[in-house]
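# Summary of the model geometry
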Amino acid sequence: RVEVLEAARAAADTRPAPTIDGTVENIGTGGFNQFQVDATYNQRIERGGKRAARIELAEGDIGVAQAEALIRRLDLAMQVQELYVEVQAAALDLELARSRVEIAERLQGEVQRRVDDARDPLFAGTRARTQLAEAQVDLELAEHALEAATIRLALLTGGNPDDLSVVTNGFLEPQAIALEYDELSSIDLALYEARSQRAEANMRLQEANSRTDPTIYGGPRVFGSGDVALIAGISLPLPNRALNQANRDRAAAERRQIDADLAVERFQRRREIGFAIERVEEARREAEAIRTRVVPGAEQTLREVRAGYNRGGFTFLDVSTAESALHDARERMVDALAEYHRAKVDLDRLTGRFAELVGGN
């Protein structure tokens, strides 16, 4: 698009093309030899800086296109972040699914020994095997989810999904947001600045167009007698003041519209940034609370219940309930962390965190 607009700028940087007119007059009946032939070279002369104004307007269009291209690239960076977070969450879900299978396998072995020793009824062994099968199914689904998320991420580069390496360490370490943002990102501001400059250039062009352009002409006049004369003149169109004023008013209104759009965008962006910060902090607190208070308690509960179960103090249902509570707590922690990182992605886009990264070619 920029290349198209650069061609348009080159076209704007040209003068009006001259014209050549030819006329034959005084052609009469036989024996009348007073005809005359005129040939004139005509050149319109631009006044009011029209050529410079056209160039400035074309450059304004180029600036808008370049700013929009940068925004598209920043949106692409956001898409990469979102897909990367999706892969990270899927990788952690897979780890949880594997852990659940390991716990279910150990529990199934313990239950089977108690069933073999006639310390538990047969249905306890059946139920333990069923829970193990459910955990294995969830593991297969988690493996498929990770593979699908990795493929979606790899599609952005056209590479092999097997060559992607996704790090999950940072995923488990949410950071508090200490800064407050109330402005647009630099790239978003650049777009409105480019639109504003284009609108100002359009105003100057309409002002220049309000001045009429004279056309000068000159050339030879050949008479039927063989005499030759030189003719010259000038043509000046009358201005259409009503139309010129309407064009200037429209350009000024477009300029005010851009200012109004910028004010509205800033207001909405402040609200969106505030909401994103709230989402980040809320998800971070939830994840921290679950990791430090809920998960350790669920792990301790499972250990104690399993120990009591081995001594005959608890039933299989107690162990199964404790196992489910631990798995649910871990899943909830991963979900909270995923929400934290998704909200952080939105905040990064709203504040233009990667503006410098995507700004270069």
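Shown above is the structure to which this text applies.
A brief look at the structure comes next. Keep in mind the model is a prediction, meaning the values are calculated, not measured.

## What to know about the packing of aromatic side chains
Scanning the entire structure with this criterion turns up zero aromatic pairs. Positioned over the ring face of Tyr192 is Arg195, at 5.5 Å from the centre of the ring.

## Things to note about the sheet that holds strand 1 (residues 19-25)
Here four strands make up an open sheet; going across it, the order is 1-2-3-4 and the pairing antiparallel. Looking along the sheet, the strands with just one partner apiece sit at the ends: strand 1 and strand 4 (228-235). Direction aside, neighbouring strands of the sheet carry axes that sit 20° apart on average. Judged from the seven bridges that link them, strand 1 and strand 2 (residues 36-44) form a sheet pairing that is antiparallel. Residue Gly22 lies in a different strand from strand 2, and its bridge partner there is Ala39.

## Side note on the pattern of salt bridges
One pass over the full model with this rule turns up 28 salt bridges. A salt bridge links Arg1 to Glu68, with the shortest nitrogen-to-oxygen separation between them at 2.5 Å. Pair noted here: Arg1 is in the segment before helix 1 (2-12) and Glu68 is in helix 2 (residues 50-116), with a separation of 67 residues, a long-range link. A relative accessible area of 62% places Arg1 in the exposed class. For Glu68, a relative accessible area of 24% puts it in the partly exposed group. Note that Asp138 and Arg100 form a salt bridge whose closest N and O atoms lie 2.7 Å from each other. Of this pair, Asp138 sits in helix 3 (residues 122-154) while Arg100 sits in helix 2, and the two are 38 residues apart along the sequence. Look at Asp138 and you get partly exposed, because its relative accessible area is 32%. What emerges from the salt-bridge pattern is a single network uniting Arg279, Glu339, Arg342 and Asp346.

## Observations concerning the environment of Ala338
Take Ala338: it is sitting in helix 6 (residues 316-351). For Ala338, a relative accessible area of 5% corresponds to the buried category. The sequence separation of Ala338 and Leu172 amounts to 166 residues, and the corresponding C-alpha distance is 9.4 Å.

## Let's talk about the pairing of strand 2
The sheet contact formed by strand 2 and strand 3 (residues 215-223) spans seven bridges and is antiparallel. Its bridge partner being in strand 3, Gln43 is matched across the sheet by Ile216.

## With respect to a negative patch on the surface
A cluster of acidic side chains, namely Asp93, Asp328, Glu331 and Asp335, defines a negative patch on the protein surface. Along the polypeptide, Glu331 turns up in helix 6.

## Some words on a nonpolar patch on the surface
Together, Val24, Ile27, Phe35, Val37, Val222 and Val228 give the surface a local cluster of nonpolar side chains, amounting to about 500 Å² of exposed area. When you line up the elements, Val24 lands in strand 1.

## Considerations on the packing of helix 5 (residues 241-310) against helix 6
Their axes nearest at 7 Å, the elements helix 5 and helix 6 cross at an angle of 160°. In terms of orientation, helix 5 and helix 6 fall into the roughly antiparallel class. Helix 5 and helix 6 meet at a crossing whose hand is left-handed.

Reading the values: the criteria
- Residues numbered from 1 in each chain as written.
- Predicted model: local features only at pLDDT ≥ 70, side-chain atom pairs only at ≥ 80, totals over all residues.
- Heavy atoms only, no water.
- Phe/Tyr/Trp six-rings, centres within 6.5 Å; stacked < 30°, edge-to-face > 60°.
- Lys NZ or Arg CZ within 6 Å of the ring centre and 35° of its normal.
- Pairing = 2+ DSSP bridges.
- Helix = DSSP H or I, 4+ residues; strand = E, 2+ residues; numbered from the N terminus.
- Axes fitted to C-alpha atoms, helices over the stretch in contact; angles between N-to-C directions.
- Salt bridge = Lys/Arg side-chain N within 4 Å of Asp/Glu carboxyl O.
- Buried < 20%, exposed > 50% of the residue type's maximum accessible area, 1.4 Å probe, protein only.
- Patch = residues over 30% accessible without salt bridge, like charges linked within 9 Å, V, L, I, M, F, W, Y side chains within 5 Å.
- Areas by Shrake-Rupley, 256 points an atom, 1.4 Å probe, with all protein chains shown as cover.
- Lys, Arg positive; Asp, Glu negative; His and termini not counted.
- Charge placed at Lys NZ, Arg CZ, Asp CG, Glu CD.
- Parallel < 35°, antiparallel > 145°, perpendicular 65-115°, else oblique.
- Left-handed = near helix turned anticlockwise from the far one by under 90°.

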